[in-house]
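Listed below are the residues making up each chain.
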Amino acid sequence: MAPSTARETIFSGIQPSGELHLGNYLGAVRNWVALQDSYRCFFCVVDYHAITQPFEPAEMPRRVRDMATDLLACGIDPARSTLFVQSAVPEHTELAWALSAVTPHGELGRMTQFKEKSEKNPDNINAGILTYPVLQAADILIYGATRVPVGEDQRQHLELAREIVRKWNARFGQTFAEPEALFSSTPKILGLDGQAKMSKSLGNTISLRENDESAWGKLRTAATDPARVRRTDPGDPDKCNIFTLHRFFSSAERQAEVRTGCTTAGIGCIDCKKWLFEGVKADLHRIRARREELLATPQAVDTILAEGARRARAVAAETMVRVRQRLGVAGPKD
Ligand code: TRP
């Protein structure tokens with residue numbers, strides 16, 4: 001079934017970091033899966049964004065493919081959503097160039113992520129990390145997306161996309177609608193260290209491809225309420241990152257049991273984690289089964305991505321016709 005155009009359009013992108021981990025899953029992908037029922041969705045693996053950071057070209061195809069496979073395994077449904085790779089739709093980069101002509105340079109330099117990336121890699125402050133949000137705006141606007149499910153860290157980039165729309169429409173006539181961020185209302189998920197945001201590079205998360213033994217090993221040693229030192233000390237679930245995870249994985253009854261058990265020292269942290277692991281395991285197993293099913297059909301993922309790119313490109317090409325008209329530039333002849 002082709003996605004209906006009557007519904008509002010959603011766009012979101014994810015970097016091809018390779019395998020998905022629990023942080024991506026809880027913070028973004030689970031939400032995307034749920035949104036598929038009510039919106040016309042475009043989900044994109046943004047390989048052209050990824051080249052602005054140090055990377056190995058030989059590894060890129062695998063990173064992209066693993067990410068696409070995991071997204072499908074989590075429940076992105078190609079019958080309802082358009083899943084594709086950014087570089088397969090070259091109109092994104094073309095639109096980014098056009099948008100850069102109305103993007104205030106000063107705003108780009110003020111982006112927190114630009115500053116953070118520059119500090120992290122002082123030897124590689126390339127123009128791409130500066131203009132990164134312009135390509136991100138192009139991703140969204142080329143499909144006329146009005147809703148963008150993102151994490152808090154993308155708030156500034158979304159605000160800038162809205163400013164780009166206002167500037168563009170004022171200069172060239174009404175062309176784009178201002179996209180709105182759709183922040184997930186989920187509690188902030190810290191890594192298993194209980195300190196930093198979950199990330200693969202920090203090693204404080206669980207990969208969705210991890211086996212039970214290794215996943216449990218990480219959960220078993222994960223940080224809990226730091227004030228609960230001895231088994232007999234009562235704990236405070238609201239200060240415990242494991243309890244935050246229970247909110248995602250456990251039933252309301254189980255969460256209530258944890259709260260009582262923890263605050264009365266009726267249960268220990270290991271008991272609490274065992275309960276949590278039941279829920280985590282169920283999700284990991286479901287995702288694994290779906291991944292194995294996909295990988296059992298050779299080319300299945302490639303075919304889905306090719307079809308996604310075809311659908312995306314049809315929409316993107318139409319937008320570019322309008323954009324070039326607005327600009328008075330000719331574009332390709334065929
Ligand atoms: N910058 C986003 C991130 O790192 C990924 C991204 C690229 C994106 N293009 C997008 C997200 C468009 C939302 C909409 O998470």
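These figures come from a predicted structure and were not determined experimentally.

**Examining the overall build of the protein**
1) Next: On a plain count of helices and strands, the protein comes out with 13 helices and 5 strands.
2) Next: The C-alpha radius of gyration of the protein comes to 22 Å, within 12% of the 20 Å expected for a compact globule of 334 residues.
3) Next: Dimensions of the protein, computed from C-alpha atoms along their principal axes, come out at roughly 75 × 45 × 40 Å.
4) Next: Here the protein, with 334 residues, has 49% of them falling under the buried criterion.
5) Next: Considering only residue pairs separated by 6 or more positions, the protein has 77% of its internal contacts joining residues 24 or more positions apart.
6) Next: Working note: accessible area of the protein is about 16,000 Å², and carbon and sulfur atoms make up 53% of it.

**Focus: the site of the ligand**
1) Next: F11, Y132, Q136, D139 and Q154 are the nearest of the 13 residues found near the ligand.
2) Next: Here D139 contributes a side-chain N or O atom positioned 2.7 Å from a nitrogen atom of the ligand.
3) Next: Between the ligand and the protein, one listed contact pairs a nitrogen atom with a side-chain N or O atom of Q154 at 3.3 Å.
4) Next: Across the complex, the protein chains shield 88% of the 360 Å² of accessible surface that the ligand would expose by itself.
5) Next: Of all elements in the fold, only β1 (9–14), α7 (127–141) and β4 (147–150) reach the threshold of two or more residues within the shell around the ligand.
6) Next: With 4 residues, the single largest contributor to the shell around the ligand is α7.

**Comments concerning the pairing of β4**
Remark: a regular strand shows side chains that alternate across the two faces of the sheet.
1) Next: Where β4 meets strand β5 (residues 180–183), 4 bridges bridge the pair, whose relative direction is parallel. Pairing of V148 across the sheet is with A181, part of β5.
2) Next: Assessed by its sense of winding, the connection that carries the chain from β4 through helix α8 (residues 155–172) to β5 is right-handed.

**A word on the packing of aromatic side chains**
1) Next: The tally for this structure, following the rule as stated, stands at 7 aromatic pairs.
2) Next: Taking 5.4 Å as the distance between ring centres and 45° as the angle between the ring planes, the aromatic pair formed by W216 and F277 counts as tilted. Residue W216 is located in helix α9 (residues 212–220), and its partner F277 is located in helix α12 (residues 269–296); the two are separated by 61 residues in the primary sequence.
3) Next: The exposure class of F277 is buried, given its relative accessible area of 9%.
4) Next: Site record: aromatic cluster; members linked through ring pairs are F11, F42, F84 and Y143.

**Some remarks on the domain arrangement of the protein**
1) Next: Its domain assignment divides the protein into domain 1 (9–188 + 299–327) and domain 2 (212–293).
2) Next: The C-alpha-based centres of domain 1 and domain 2 are spaced at 33 Å.
3) Next: Of the residues lining the interface, 12 residues belong to domain 1; the matching set on domain 2 comes to 10 residues.
4) Next: Approximately 1,100 Å² of surface area, both sides summed, lies buried where domain 1 meets domain 2, with 67% of it carried by carbon and sulfur atoms.
5) Next: The three residues of domain 1 that bury the most area against domain 2 are Y25, L26 and A73, which together make up 39% of that side's buried surface.
6) Next: Our count for the contact surface shared by domain 1 and domain 2 stands at 1 salt bridge.
7) Next: Summed over the shared surface of domain 1 and domain 2, the number is 4 residue pairs in polar contact (both at pLDDT 80 or more).
8) Next: At the level of elements, α1 (22–35) and α3 (60–74) are the ones that each hand at least two residues to the side of domain 1 that touches domain 2.
9) Next: Here the side of domain 1 that touches domain 2 gets 5 residues from one element, more than from any other, and that element is α3.
10) Next: Each residue belonging to the side of domain 1 that touches domain 2 can be placed in one class, and the counts come to 7 nonpolar, 2 polar and 3 charged.

**Considering the packing of α3 against helix α13 (residues 300–327)**
1) Next: Two elements in contact, α3 and α13, have axes separated by 10 Å at closest approach and are oriented at 90°. On the basis of the axis angle, α3 is roughly perpendicular to α13. Of the residues in α13, those touching α3 at R65, A68, T69 and L72 are V301, D302, I304 and L305.
2) Next: Residues that form the contact of α3 with α13 fall into these classes: 5 nonpolar, 1 polar and 2 charged.

**Some thoughts on unusual backbone geometry**
1) Next: For A265, which is not glycine, the phi torsion reads 60° and is therefore positive.
2) Next: Structurally, A265 can be placed in the loop between α11 (252–263) and α12.

Basis of the calculations
Residues numbered from 1 in each chain as written. Predicted model: local features only at pLDDT ≥ 70, side-chain atom pairs only at ≥ 80, totals over all residues. Heavy atoms only, no water. Helix = DSSP H or I, 4+ residues; strand = E, 2+ residues; numbered from the N terminus. Rg over C-alpha atoms; globule rule 2.2 N^0.38 Å. Buried < 20%, exposed > 50% of the residue type's maximum accessible area, 1.4 Å probe, protein only. Contact = heavy atoms within 4.5 Å. Areas by Shrake-Rupley, 256 points an atom, 1.4 Å probe, with all protein chains shown as cover. Near = heavy atom within 4 Å. Polar contact = N/O pair within 3.5 Å; in protein donor to acceptor, adjacent residues only side chain to side chain. Pairing = 2+ DSSP bridges. Right-handed = clockwise from strand over helix to strand, strands pointing away. Phe/Tyr/Trp six-rings, centres within 6.5 Å; stacked < 30°, edge-to-face > 60°. Domains from an automatic or database assignment. Buried area = accessible area lost by both parts, 1.4 Å probe. Salt bridge = Lys/Arg side-chain N within 4 Å of Asp/Glu carboxyl O. Nonpolar A, V, L, I, M, F, W, Y, C, P; charged D, E, K, R; others polar. Axes fitted to C-alpha atoms, helices over the stretch in contact; angles between N-to-C directions. Parallel < 35°, antiparallel > 145°, perpendicular 65-115°, else oblique.

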